[in-house]
Amino acid sequence: VIEDAAETIGADGGSTGTSDSEYLETVSANFEDLDASVDRFYELLNVSEPTDEELDEVFEIVDLWIAAEDEANALEPDAEYEEIHDVYLTYTAALGEAGAAFNDFLESDPDSPEYDESLEAFETATGEVTNLGIDLAEVLDTEPTDVYPDEDDPDEEEDDSEPDADFLFIAPRVAAR
């Protein structure tokens, strides 16, 4: 998904001197893939009885999110693209935080404080991903994927008395892996 970034990075980790258009093409393609992965992640969370393949896809997406920041840091834009790059780095960092929090949630005991803390961290990070995705789409002049296609406004007040259980179905199956 972020394979285009690898083409712009030399063997020593430095820039291969790609053109401006290659940098923008790489970031745009990576963003489109990452943005679509967020949408797909939420689609998979809403599957009532996910298959092993769908669960594997969830974990592949989370791994992608965690790796995205390193891939973004490896790019070296020209000075005129620093604003885009800063937003892109912030977006991929938030994706990495969401992935790490999701993994922490799955590894936590449901009766522990870490469980609720990691769930809250995941929800906070995915909210940041949504907002930063809009910002990045704006600076790249593209349209972000709607990660809340069938839900009410994500900024609307919610009853936080119970954790959001959208992805609780995965926890028992993680233990079996």
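Since the model is a prediction, treat every value here as computed from it, not as a measurement. All residue numbers refer to positions counted from 1 along the written sequence of the respective chain. Local features in a predicted model are, by the rule used here, given only for residues with pLDDT of at least 70; side-chain atom pairs are given and counted only at 80 or more, and totals for whole chains, interfaces and linings are based on all residues. The side-chain quantities take in all heavy atoms of the structure and omit both hydrogens and water.

**Re helix α5 (residues 113–140)**
Part 1: In this text, helices come from DSSP runs of H or I with a minimum length of four residues, and strands from runs of E with a minimum of two, each type numbered from the N-terminal end. One less than the number of residues in a helix, times 1.5 Å, gives the span that helix is expected to have. Spanning 28 residues, α5 covers 40 Å between terminal C-alpha atoms, matching the ideal 40 Å at 1.5 Å per step.
Part 2: A positive backbone phi angle near 60 degrees is found at Asp141, which sits one or two residues after α5.

**A few points about the packing of helix α4 (residues 82–107) against α5**
How two helices sit against one another is set out by the angle between their axes and by the gap between those axes.
Part 1: To get an axis, a line is fitted to the C-alpha atoms, and for a helix only the part in contact is used. The angle between two axes follows their N-to-C directions and goes from 0 to 180 degrees. Where α4 contacts α5, the axes come no closer than 8 Å and their chain directions differ by 155 degrees. In this view, α4 runs roughly antiparallel relative to α5, as classed from their interaxial angle. By crossing handedness, the relation of α4 to α5 is classed as left-handed.
Part 2: Amino acids are sorted into nonpolar (Ala, Val, Leu, Ile, Met, Phe, Trp, Tyr, Cys and Pro), charged (Asp, Glu, Lys and Arg) and polar (every other residue, Gly among them). Residue classes in the contact of α4 with α5 are distributed as 20 nonpolar, four polar and five charged. With respect to orientation, any angle under 35 degrees is reported as roughly parallel, any angle over 145 as roughly antiparallel, any angle of 65 to 115 as roughly perpendicular, and every other angle as oblique. Note on convention: the crossing is left-handed when the near helix lies turned anticlockwise from the far helix by less than a right angle, right-handed when the turn is clockwise.

**So, the nonpolar core**
Part 1: One finds Phe41, Trp65, Tyr91 and Phe122 to be the most contacted residues of the largest nonpolar core, which totals 41 residues.
Part 2: Secondary-structure elements contributing two or more residues to this core are α2 (20–45), α3 (52–74), α4 and α5. Residue types Ala, Val, Leu, Ile, Met, Phe, Trp, Tyr and Cys, when buried and joined through side-chain atoms within 4.5 Å, form a set referred to as a nonpolar core. For every residue, the accessible area obtained with a 1.4 Å probe (protein chains only) is divided by the maximum for its type, and the residue is called buried under 20%, exposed over 50%, and partly exposed between those limits.

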